[in-house]
Amino acid sequence: MSSTHARERGLKGKVALITGAGGGIGRGIARCLAEEGVHLALADISQSGAETAAEEMEEFGVNVIPHTLDVTDKSQCVDIVDAINKEMGSLDIVVNNAGVIGGTDFKLGMPLSDINEDDWDDTYNVNVKGVFLLCQASLEKMKGKGWGRIINISSRAGRDGRETIPHYSASKAAVIIFTQALAREVARAGITVNAVCPGLIWSAMWEQLATQFRKKFPNFKGKAAREVFDYFVEQTPMGVEQSTEDIGRAVAFLASDDAKTITGQAILVDSGAVMH
Ligand SMILES: NC(=O)c1ccc[n+]([C@@H]2O[C@H](COP(=O)([O-])OP(=O)(O)OC[C@H]3O[C@@H](n4cnc5c(N)ncnc54)[C@H](O)[C@@H]3O)[C@@H](O)[C@H]2O)c1
């Protein structure tokens, strides 16, 4: 039965910045926000990634502007926020989604001696420092207008450390605690700060991870990367992977009026893998 009373949940006409928007989850988040009428600034360190994502959003009829952005660079973070405030009116929603799982020579960190300093530093720079820099750059204007939403993409690994990716797990746990600390600071300023913790999503990052599992563990030798991924999916209570839209919908919920009194939370979207 169709209804003439479609629910508006306060997202139409808002402006969101999504980092890592050229990647799998970033594009899923972009689609879910665009569906609700949110205008998008799509940022990625890869210019072609940002541009391709922007082209994909054309069908939604919202304003979409691609940006090249390295979230580890403070001046780039300040400049992009200024540009969005000028070009698109005001920045309402920041989705810190850009993330990496290691440096250029990443190997699984089991044993721990296999993780090198570049893995640790690159992961912390993007996953933790990048979140801090963009929050810092965005907050002043949000405080000034008394409304804002910050949504940080953490991970199931940030709630339950994984032995194969200890550096990544630690970085994603740092994102959750940073989320809580900032949520408290801005709680009276009309700004909510939350995290989403995805479980298993088939993306470039998981392909990179699966390749390393195949190299290191004999039981995965000869398997396709996708089969390695499917093995981990099967270990979860529900036995299903997350789509990029599953993550996008959680982000849209947290950005919407439906979540206006939710702050400082880290919501797992992971087929029940972690229940604490
Ligand atoms: N795929 C999963 O199963 C999974 C699970 C839990 C959490 N996550 C998190 O979700 C987020 C998105 O991951 P994904 O799976 O879509 O991976 P992805 O590799 O497809 O996308 C990551 C994007 O971030 C961009 N990026 C990397 N460094 C950057 C930088 N310095 N500045 C700006 N952009 C940069 C990349 O170019 C890429 O487009 C990450 O934070 C990741 O840690 C993913």
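The structure contained in this document is the topic of the report that follows. (Residues numbered from 1 in each chain as written. Predicted model: local features only at pLDDT ≥ 70, side-chain atom pairs only at ≥ 80, totals over all residues. Heavy atoms only, no water.)

## Examining the site of the ligand
Where we set the bar: Throughout, near means a residue has at least one heavy atom within 4 Å of the molecule or strand. Definition of a polar contact: a pair of N or O atoms within 3.5 Å, with one able to donate and the other able to accept a hydrogen when the atoms are protein atoms, and with sequence-neighbouring residues admitted only if both atoms are side-chain atoms. Here, Shrake-Rupley sampling with a 1.4 Å probe gives the accessible areas, and only protein chains in the shown set may cover a residue. Elements are defined by DSSP. Helices are runs of H or I of four residues or more, strands are runs of E of two residues or more, and each kind is numbered from the N terminus. Classification convention: Asp, Glu, Lys, Arg as charged; Ala, Val, Leu, Ile, Met, Phe, Trp, Tyr, Cys, Pro as nonpolar; all other residues, Gly among them, as polar.
For the ligand, the set of nearby residues contains 28 residues, the closest of which are Asp 44, Asn 97, Tyr 168, Ile 201 and Ser 203. At a separation of 3.1 Å, an oxygen atom of the ligand approaches a polar backbone atom of Gly 23. Within the complex, the protein chains bury 90% of what would otherwise be the 820 Å² of accessible surface of the ligand. When contributions to the shell around the ligand are tallied by element, the ones reaching two or more residues are α1 (24-35), α5 (166-186) and α6 (204-216). Here the shell around the ligand takes three residues from α6, the largest share from any one element. Residues belonging to the shell around the ligand are distributed by class as follows: 15 nonpolar, 10 polar and three charged.

## Section: the packing of helix α3 (residues 74-87) against helix α4 (residues 117-145)
Our working rule: Helix axes use the C-alpha atoms of the stretch in contact, all axes being lines fitted to C-alpha atoms, and the angles between their N-to-C directions lie in the range 0 to 180 degrees. Left-handed describes a crossing whose near helix is turned anticlockwise from the far helix by less than a right angle; the clockwise case is right-handed. Contacts between residues were defined by any pair of non-hydrogen atoms, one from each residue, lying within 4.5 Å.
As a packed pair, α3 and α4 sit with axes 8 Å apart at the nearest point and diverge in direction by 35 degrees. Considering the relative orientation of α3 and α4, their crossing is right-handed. Counted together, Lys 74, Cys 77, Val 78, Ile 80, Val 81 and Asn 85 of α3 and Leu 133, Leu 134, Gln 136, Ala 137, Ser 138 and Lys 141 of α4 form the full contact between these two elements. By residue class, the composition of the contact of α3 with α4 is seven nonpolar, three polar and two charged.

## A closer look at the state of the cysteines
As a reminder, the rule being used: The disulfide criterion used throughout: a pair of cysteine sulfur atoms within 2.5 Å. Note on classification: 1.4 Å probe, protein chains only; a residue is buried when its accessible area is under 20% of the maximum for its type, exposed when over 50%, partly exposed between these limits.
One pass over the full model with this rule turns up zero disulfides. Distance from the sulfur of Cys 32, which forms no disulfide, to the nearest cysteine sulfur (Cys 197) is 17 Å. Judged by relative accessible area, which is 1%, Cys 32 ranks as buried. Cysteine Cys 77 remains unbridged, with the sulfur of Cys 135 as its closest cysteine sulfur at 9.7 Å.

## As for α6
Here is the rule: Helix span, expected: 1.5 Å multiplied by one less than the number of residues in the helix. Relevant arc is that of directions from the helix axis to the C-beta atoms, nothing else.
With 13 residues, α6 extends 19 Å from end C-alpha to end C-alpha; this agrees with the ideal 18 Å at 1.5 Å per step. Burial in α6 covers these residues: Trp 206, Leu 209, Ala 210, Gln 212 and Phe 213. Projected down its long axis, α6 shows its buried positions confined to an angular sector of 160 degrees, all on one face. α6 presents Ala 204 and Lys 215 as exposed residues on the side facing more than 90 degrees away from its buried surface. Tucked into the core, α6 has its buried residues touching α7 (225-234).

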